[in-house]
Amino acid sequence: MKITDLLNAQSVKVGAAAASQADAIDQLVALQVAAGNVSDADGYKAGVLAREAEFSTAVGDGIAIPWLYLIYCLILLVGLCNAVNLTDGLDGLAAGTVMVVMLVMAAIAFRAGVLEPALFAGALAGACIGFLWFNSHPAVIFMGDTGSMFLGGMVVAIAYALNCPLILLLTGIIYVIEGASDVLQIGYFKITHGKRIFKMAPIHHHFEMSGWSEKKIVAVFSIVNAVGGAAAIALMYFGGYAI
């Protein structure tokens, strides 16, 4: 094949990619209007295009690479996977909190009419409930890094499928607290040459060393996640945020 033929073929691919991106934006606008989430279709489309231009770098003819968004996605994925892994330090804690997150995600997805993520989140919530039968204190089956990393990845994946990754700050508030407590403990320990903020990190071990039982910690942490999930649902549907 000649060089010119290769260049022409590449140009066709680039043009098709640009056209498919434009079609995707048009379909998104149509869906939002049909769902009643948007009244001004032209204004909504202009906002989507503006955000695309703000967080993207144009490459070639029609290809946009959202560098800032990709960096944010990477940080969120790695951070939350590790935070869920850190949470898996007591019997039933990771599975219990992930179950709550998945139920919230399923409710948000179902309310928005996005059935595939709703079914997937519901299935994962059911799997966590079944696993808790054997993993609750005293556990006879343990999750391990493979399970906790997978669940953390699925939490992030469903949030992106719903186009609301920032909502994880509420639905996964326990993971934010767990990860932050570990970072703060290590940083403070190094800066002060041996002093500690918590008795032990992550923070669920601090409560454990303060005399809380494992069942109480799991119950309280799950309730905190449920409160964060309720706040997320309220923000999604009463704060004007549309999927």
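Definitions and limits used
Residues numbered from 1 in each chain as written. Predicted model: local features only at pLDDT ≥ 70, side-chain atom pairs only at ≥ 80, totals over all residues. Heavy atoms only, no water. Phe/Tyr/Trp six-rings, centres within 6.5 Å; stacked < 30°, edge-to-face > 60°. Helix = DSSP H or I, 4+ residues; strand = E, 2+ residues; numbered from the N terminus. Buried < 20%, exposed > 50% of the residue type's maximum accessible area, 1.4 Å probe, protein only. Axes fitted to C-alpha atoms, helices over the stretch in contact; angles between N-to-C directions. Parallel < 35°, antiparallel > 145°, perpendicular 65-115°, else oblique. Contact = heavy atoms within 4.5 Å. Patch = residues over 30% accessible without salt bridge, like charges linked within 9 Å, V, L, I, M, F, W, Y side chains within 5 Å. Areas by Shrake-Rupley, 256 points an atom, 1.4 Å probe, with all protein chains shown as cover. Salt bridge = Lys/Arg side-chain N within 4 Å of Asp/Glu carboxyl O.

*Asks:* What am I meant to see in the packing of aromatic side chains here?
*Replies:* How two aromatic rings sit relative to each other is given by the distance of their centres and the angle of their planes. Counted under the stated rule, the structure contains 2 aromatic pairs. Ring centres of Phe 207 and Phe 221 lie 6.1 Å apart, and the angle between their planes is 90°; this geometry places the pair in the edge-to-face category. Residue Phe 207 is located in helix α9 (residues 203-209), and its partner Phe 221 is located in helix α10 (residues 214-238); the two are separated by 14 residues in the primary sequence. On the basis of relative accessibility, which here comes to 22%, the residue Phe 207 falls in the partly exposed class. For Phe 221, a relative accessible area of 5% gives the class buried.

*Asks:* Which parts of the structure should I look at to understand the packing of helix α4 (residues 93-112) against helix α8 (residues 173-191)?
*Replies:* How two helices pack is summed up by the angle between their axes together with the distance between the axes. One can describe the packing of α4 onto α8 by two numbers: an axis separation of 10 Å at closest approach and a directional angle of 140°. Taken as axis vectors, α4 and α8 run oblique relative to one another. Touching Leu 93, Ala 94, Thr 97, Val 98 and Val 101 of α4 are Ile 174, Tyr 175 and Glu 178, all from α8.

*Asks:* I keep staring at a nonpolar patch on the surface and nothing clicks. Help me out?
*Replies:* Taken together, the side chains of Trp 133, Phe 134, Val 140 and Ile 141 define a hydrophobic patch exposed on the protein surface, amounting to about 480 Å² of accessible area. Within the secondary structure, Val 140 is located in the loop between α5 (115-135) and α6 (144-161).

*Asks:* What's the story with the side chain of Thr 87 in this structure? I'm lost.
*Replies:* When you line up the elements, Thr 87 lands in helix α3 (residues 67-87). With residues up to four places along the chain from it excluded, the contact list for Thr 87 reads Leu 93, Ala 94, Thr 97, Tyr 175, Glu 178 and His 204.

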